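Each chain is listed here by its residues.
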2 protein chains.
Amino acid sequence: MRTLQVKLIETSYSIVVGRGLVEKLDRFLKRLGPARKVLVVTERRAASLHLARLEKGLRKGKVSYQVFFLQGGEGAKSAAELSRIYAALARNRFERRDILIAFGGGGVGDVAGFAAATYLRGLPLLQIGTTLLAQVDSSIGGKTGINLPEGKNLVGAFYQPSLVLSDVTLLKTLPRRELTASLAEVIKVGVIRDRELFQYVEKNLDSILAADLTALEHIVFSSARIKAGVVERDEKETRGERMILNYGHTFGHAFEAAQDYRGLRHGEAVALGMAAAARLSRNRGWLRPADEMRQNRLLERAGLPTHWNRLAFKEDRVIRHMLLDKKIKGGKLRFVLPTALGRVRIADDVTLSEVKKTLRELGGKQVP
Amino acid sequence: MRTLQVKLIETSYSIVVGRGLVEKLDRFLKRLGPARKVLVVTERRAASLHLARLEKGLRKGKVSYQVFFLQGGEGAKSAAELSRIYAALARNRFERRDILIAFGGGGVGDVAGFAAATYLRGLPLLQIGTTLLAQVDSSIGGKTGINLPEGKNLVGAFYQPSLVLSDVTLLKTLPRRELTASLAEVIKVGVIRDRELFQYVEKNLDSILAADLTALEHIVFSSARIKAGVVERDEKETRGERMILNYGHTFGHAFEAAQDYRGLRHGEAVALGMAAAARLSRNRGWLRPADEMRQNRLLERAGLPTHWNRLAFKEDRVIRHMLLDKKIKGGKLRFVLPTALGRVRIADDVTLSEVKKTLRELGGKQVP
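Values in this document were obtained by computation on a predicted structure and should not be read as measured data. (Residues numbered from 1 in each chain as written. Chains lettered and ligands numbered in written order. Predicted model: local features only at pLDDT ≥ 70, side-chain atom pairs only at ≥ 80, totals over all residues. Heavy atoms only, no water.)

Participant: Now, about the packing of helix α6 (residues 176-193) of chain A against helix α7 (residues 195-209) of chain A: what can you tell me, with residues and values included?
Facilitator: Packed helix pairs are specified by the crossing angle of their axes together with the interaxial distance, meaning the distance between the axes. All names here are of chain A. It is at 7 Å that the axes of α6 and α7 come closest, and there the two elements cross at 165°. For the element pair α6 / α7, the angle class is roughly antiparallel. For the element pair α6 and α7, the recorded crossing hand is left-handed. In this structure, α6 uses R176, L179, T180, L183, V186, I187, V189, G190, V191 and R193 to contact α7, whose residues at the interface are R195, L197, F198, V201, L205, I208 and L209. The class makeup of the residues in the contact of α6 with α7 is 12 nonpolar, two polar and three charged. (Axes fitted to C-alpha atoms, helices over the stretch in contact; angles between N-to-C directions. Helix = DSSP H or I, 4+ residues; strand = E, 2+ residues; numbered from the N terminus. Parallel < 35°, antiparallel > 145°, perpendicular 65-115°, else oblique. Left-handed = near helix turned anticlockwise from the far one by under 90°. Contact = heavy atoms within 4.5 Å. Nonpolar A, V, L, I, M, F, W, Y, C, P; charged D, E, K, R; others polar.)

Participant: Could you give an account of the sheet that holds strand β3 (residues 37-43) of chain A, naming the residues involved and the relevant values?
Facilitator: Residue and element names in this part refer to chain A. Sheet architecture is open: seven strands sit in the order β1-β2-β9-β6-β5-β3-β4, paired in mixed fashion. The open sheet has two free edges, formed respectively by β1 (2-7) and β4 (64-70), since each of these has just one partner strand. Going from strand to strand, the sheet's axes swing by 15° on average, the running direction of each strand aside. In the sheet, β3 pairs with β4 via seven bridges, with the strands oriented parallel. Each residue of the ladder has a partner; that of L39, found in β4, is Q66. Across the sheet, helix α3 (residues 79-91) touches β3, β4 and β5 (99-104), and the angle it forms with β4 is around 165°. (Pairing = 2+ DSSP bridges.)

Participant: Lay out the pairing of strand β7 (residues 143-148) of chain A with the relevant residues and their values.
Facilitator: Residue and element names in this part refer to chain A. For β7, the buried fraction is high: five of the six residues fall into the buried class. Here five bridges tie β7 to strand β8 (residues 151-158), and the two strands are oriented antiparallel to one another. Bridge assignment links K143 to a residue of β8, and that residue is F158. Taking the residues that link successive antiparallel strands as the turn, the β7-β8 hairpin has two residues. (Buried < 20%, exposed > 50% of the residue type's maximum accessible area, 1.4 Å probe, protein only.)

Participant: Give me the interface of chain B and chain A: which residues, what numbers.
Facilitator: Taken together, the contacts link 37 residues of chain B with 37 residues of chain A. Summed over both sides, the interface of chain B with chain A buries roughly 3,300 Å², with 56% coming from carbon and sulfur. The tally of links from chain B across to chain A stands at four salt bridges. For B:K236, the salt bridge goes to A:E10, with nearest N and O atoms at 3.6 Å. Linking chain B to chain A there are eight residue pairs in polar contact (both at pLDDT 80 or more). Of all elements in the fold, only α3 (79-91), α4 (106-118), β7 (143-148), β8 (151-158), α12 (315-323) and β10 (328-329) of chain B reach the threshold of two or more residues within the side of chain B that touches chain A. (Buried area = accessible area lost by both parts, 1.4 Å probe. Salt bridge = Lys/Arg side-chain N within 4 Å of Asp/Glu carboxyl O. Polar contact = N/O pair within 3.5 Å; in protein donor to acceptor, adjacent residues only side chain to side chain.)

Participant: Just give me the short version of helix α13 (residues 352-362) of chain A, but keep the residues and values in it.
Facilitator: Residue and element names in this part refer to chain A. Every buried residue of α13 is accounted for by E354, V355, T358, L359 and L362. Each buried residue of α13 sits inside an arc of 135° when the element is viewed along its axis, so together they form one side. Residues of α13 that are buried make contact with α9 (249-258), α10 (266-283), α12 (315-323), β11 (332-340) and β12 (343-350). (Arc of directions from axis to C-beta.)

Participant: Before we move on, can you summarise helix α10 (residues 266-283) of chain B with the specific residues and values?
Facilitator: Since one α-helical turn is 3.6 residues long, residues separated by three or four positions face the same way. Residues and elements named next belong to chain B. Counted at 1.5 Å a residue, the expected span for α10 with its 18 residues is 26 Å, and the 25 Å between its end C-alpha atoms agrees. α10 sits mainly inside the fold: 16 of its 18 residues count as buried. A positive phi of about 80° marks G285, the residue just after α10. (Expected span 1.5 Å × (residues − 1).)

Participant: Hey, could you go over the environment of B:Q160 for me, with residue numbers and the actual values?
Facilitator: All names here are of chain B. You can see Q160 is positioned in the loop between β8 and β9 (163-167). On the basis of relative accessibility, which here comes to 9%, the residue Q160 falls in the buried class. Residues Q160 and G75, 85 residues apart in the sequence, show an inter-C-alpha distance of 23 Å. Beyond its immediate chain neighbours, meaning those up to four positions away, Q160 contacts L8, T11, Y13, G141, G142, V231 and E235. A polar contact of 3.0 Å, which involves the side chain of Q160, links it to the side chain of Y13.

Participant: Just give me the short version of unusual backbone geometry, but keep the residues and values in it.
Facilitator: Residues and elements named next belong to chain A. Despite not being glycine, R121 has its phi angle at roughly 60°, a positive value. Mapped onto the elements of the fold, R121 is located in the loop between α4 (106-118) and β6 (125-129). By relative accessible area, which is 11% here, R121 ends up buried.

Participant: Lay out the domain arrangement of chain A with the relevant residues and their values.
Facilitator: All names here are of chain A. Assigned domains of chain A: these are domain 1 (2-173) and domain 2 (176-361). A separation of 25 Å is found between the C-alpha centroids of domain 1 and domain 2. Between domain 1 and domain 2, the residue contacts involve 36 residues of the former and 35 residues of the latter. Of the roughly 3,300 Å² buried between domain 1 and domain 2 on both sides combined, carbon and sulfur atoms contribute 64%. Sorting the residues of domain 1 by area buried against domain 2 places L132, V136 and K152 first, and these three jointly supply 18% of that buried surface. Counting across the domain 1 and domain 2 interface gives five salt bridges. Across the pair K152 and E256 runs a salt bridge whose closest N-O atoms are separated by 3.1 Å. Linking domain 1 to domain 2 there are 12 residue pairs in polar contact (both at pLDDT 80 or more). Secondary-structure elements contributing two or more residues to the side of domain 1 that touches domain 2 are β1, β2 (12-18), α5 (132-138) and β8. (Domains from an automatic or database assignment.)

The structure is reproduced here in structure tokens:
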């Protein structure tokens, strides 16, 4: 068990990475203060695989708890599901010290986190990610939110959890495609800030894909440490630093949106986005072709896409969604571009024609 | 024109109190950064009285603006109206630097403020209260939120405005009942923390009720100063200090809720709540009867209720709503109780039987 401390201006919290943490939930709940009630927000699949283990930990504690089931996937991040959580909290007369546990993947953490951020103007929030993506990325850093019909993540709040538990034994049951999709975020962390992590994934890819617990602990802890550091320096994305975490995401979100969030998983879209951003950077002469290739080769070995079928995206749909993205500043597009493995810079003068050129260049081959 | 600075941990902002501020809006907008778009959230009545003046100021600026009309009153503080604001922001492709102006009474400020808090995880917010209540209380301090069917203000966020403009000339057109209702919050500030303000209202009540601008400037500035100081010391209601602003509100909210938010105005409910809290305090031997009477006499002179018809509230409904209130801690009721004019303390050991006794004692006379 390894613990990281995230120190922020108004608060601080721990990220605990280890094995068998959920069965010891009672001990962790005690740290969060004198709660009397817990609402576990989860979805059917995570629950069917892991809820029994979580309940074992809950029953040992001195709290009453209820389990709330979201509709799975991105559909859960809707105003309608959010309202259902609020109603459950009101029905159970939650007070400000009572705890909300987000138990699931990134979508569950986002909507449950936003509910915790806004119900009674803030309940203690415990993030327990059941996917690699949640453990390495979304459960850390306090971004919470929901989608609107008009776009993804348009509504949300920065709201820090009181505690993050990343129990890597939960990842044992992950389907291969999901492990793979989440690896995109790990490789992303390597490319933006941690060359050693990148190399670790290169060397240990087989162990990771076989859900070897030692390898998983290493990549979860390393990714969490990098992300926590970035968040400490720029909690609310006001100083530019946090933006580097969006590497691959400006393209990635647009790809997801252009498919109405169907088809591509988030991590797959991010992988495509990383390939696109690397190409854009290479076209500017900022990134050596060898580094672009090395990034893409690792993504591909992990089973992630770096090219797409010309028919898979309509260019104008991708562009339109990009223009609705939060990362626009004054109409100019802003991108995080790699300059080496482990180093990125921010360009906020990217033109539409650079974007279009990139889209055309990466559309040549089939998606794996 | 007088300016107050509210200094918080992560941010700070100005409260400007004066005359003819809205016509100079262009100058104030410039202070808020490089916005290109403004959404004015307002409701029909405030708009019919004052929008032309605000638009005069807006047209002088270099921003494009749109006006969004909420349904008036507490009905505006709903998830449905909030969704309509989000849709307007998305439709107009608002970016993070674009500005939302809340232009209206407390309800408008609450829902528009919550939209600003959560759209793209936070847009710059300009609060321009058009009622005395908004100017002395709700536009300051960053409490934003909406009501749920299950209870008032159950969902919200602490989100500080970037600027508060309190133009007292907007108050000239206020109906008497509304001026009066808002005075409850001014008198509240006097009772909790500012004996001089209490005495000022006692001496200048006629000028205030005649909407004399000098008198209004004085009470708006004094109330804002006290509230800003409390908020500075306890921005997110975690240290107890901010709770003193809730004087009269635990009872008050329950009265409003017991009437389904119809009938009583917020300020009237607060006046009743102050009378109830003062009585509870007196019954504990904490407040001299002379001070209770002096408070109530001023409330009554201002046209505010301090007693109610026995038929007006069902005791069990009031109690039920109180138990759903955010200010419960561990099932015990928590109240802000006055110990003198200008001084309060917090009691978190109030029993249901004390509450019931108080309710019975104050139910003896007619509401004025």
